[in-house]
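Next come the chains, spelled out residue by residue.
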Amino acid sequence: MDLTKKSIQKIIDYCEEHGLDFQSLPEIIDEPKVAPMVRGIGFEYVIKNYLINLLKKNDNLTVKKEIINSQLTVKGDDLQIYERDTKKSFSLECKLAKNNSFSLGTKNKKYSHCSIKVMRSRTLGDEIIKRLSKKGEATIEELKSHKDSYLYNHFDLVITNLRNAFYITNEDKKFIFRPNDEEWSFLENFCNTKNHSKIDNDLKNNHYFANSFDLAPISKNNICNRKKCPNPNDCKFIPNYPVFRFDELGKVWKNLKYIEKFFSI
Ligand SMILES: [Zn+2]
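Residues numbered from 1 in each chain as written. Predicted model: local features only at pLDDT ≥ 70, side-chain atom pairs only at ≥ 80, totals over all residues. Heavy atoms only, no water.

Draft legend 1. Representation of the overall build of the chain in the model. In terms of regular secondary structure, the chain is built from 9 helices and 12 strands. Taken over the C-alpha trace, the chain has a radius of gyration of 20 Å; the compact-globule value for 265 residues is 18 Å, and the two agree within 12%. Over its C-alpha atoms, taken along the principal directions, the chain stretches across nearly 55 × 45 × 45 Å. Of all intrachain contacts in the chain linking residues separated by at least 6 positions in sequence, the fraction that spans at least 24 positions is 62%. Counting every atom, the chain has about 16400 Å² of accessible surface; 50% of that belongs to carbon and sulfur. Computing the positive centroid from 45 side-chain charges and the negative centroid from 36, the chain places the two 5 Å apart. (Helix = DSSP H or I, 4+ residues; strand = E, 2+ residues; numbered from the N terminus. Rg over C-alpha atoms; globule rule 2.2 N^0.38 Å. Contact = heavy atoms within 4.5 Å. Areas by Shrake-Rupley, 256 points an atom, 1.4 Å probe, with all protein chains shown as cover. Lys, Arg positive; Asp, Glu negative; His and termini not counted. Charge placed at Lys NZ, Arg CZ, Asp CG, Glu CD.)

Structure, rendered in structure tokens:
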């Protein structure tokens, strides 16, 4: 409770410092332009705290979050995990599932799935394309046809949460968690309970991770469907919306509670 009081005081001080109206803050963070950013960055902190708690007895792995102004740099990690044994730092990218992207199956994907939004918010400019191609990361042709995508080696792991796949935009243009009847019955089965508030909690507290390499076509898990992609079978770019298959849990996407296994291989 003391921590909550401290946090509230910090927000009051923040508003005072910047000449903002504290009472308007709940409305401000719910504005359609602001809410996706608050939720996206908020998710990075959820994962940071989740990992710190999960790894508190593991003295080989340390979780770090460096705050970087991404307008000034090309690369800024959401989070890092430092591995003491190998002296290596692994970068983590936190990305929520795409709004309203759950499907029980389509003509081409005959399995329950949703999409994870991994695309760049700022597309690559000509200057950065030149720089990256000189570094040998990819050819100019490859980079130009994937301006809004990440190369798989841009980060090591992608962390996601699936709850957003069951979000819709309501009449007031607000994003809300609202599965339809078909989705609730799928979730009852998936979470093994009929209790909807327990399902909601399960979705909030279970996160998944994938090795970035496994998301790119070069891993042979998929084919690049960009029209102008020079090498669709060996493409090194992560699709903007990689698929999360509910029937193949543990293959590409694994529950984040097993993250230590990734480091012990
Ligand atoms: Zn491609």
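Draft legend 2. Structural view of the coordination of the zinc ion. Bound to the zinc ion on the protein side are H146 (NE2), C224 (SG), C229 (SG) and C235 (SG), at distances that span 2.1 to 2.3 Å. In this structure, the zinc ion is coordinated by 4 donor atoms arranged in tetrahedral fashion, with angles at the metal of 102 to 116°. Each donor residue of the zinc ion belongs to the same chain, and together they define the spacing H-x77-C-x4-C-x5-C. Taken as a pair, C224 in the loop between α8 (212-215) and β10 (237-238) and C235 in the loop between α8 and β10 lie far apart in primary sequence, 11 residues in all. Like C235, C224 is buried. (Donors = N, O, S within 2.8 Å, 3.2 Å for Na, K, Ca; no water. Tetrahedral: all angles 85-135°; square planar, octahedral: opposite > 155°, others 65-115°. Buried < 20%, exposed > 50% of the residue type's maximum accessible area, 1.4 Å probe, protein only.)

Draft legend 3. Examining the pattern of salt bridges more closely. Tallied over the entire structure, the rule returns 15 salt bridges. In this structure, D200 and K204 form a salt bridge, with 3.9 Å as the shortest nitrogen-oxygen distance. Linking D200 with K204, this pair stays in helix α7 (residues 196-205), spanning 4 residues, or about one helical turn. For K204, a relative accessible area of 40% translates into the label partly exposed. In this structure, E248 and R245 form a salt bridge, with 3.7 Å as the shortest nitrogen-oxygen distance. Put simply, R245, D247, E248 and K251 are held in one network by salt bridges that share partners. (Salt bridge = Lys/Arg side-chain N within 4 Å of Asp/Glu carboxyl O.)

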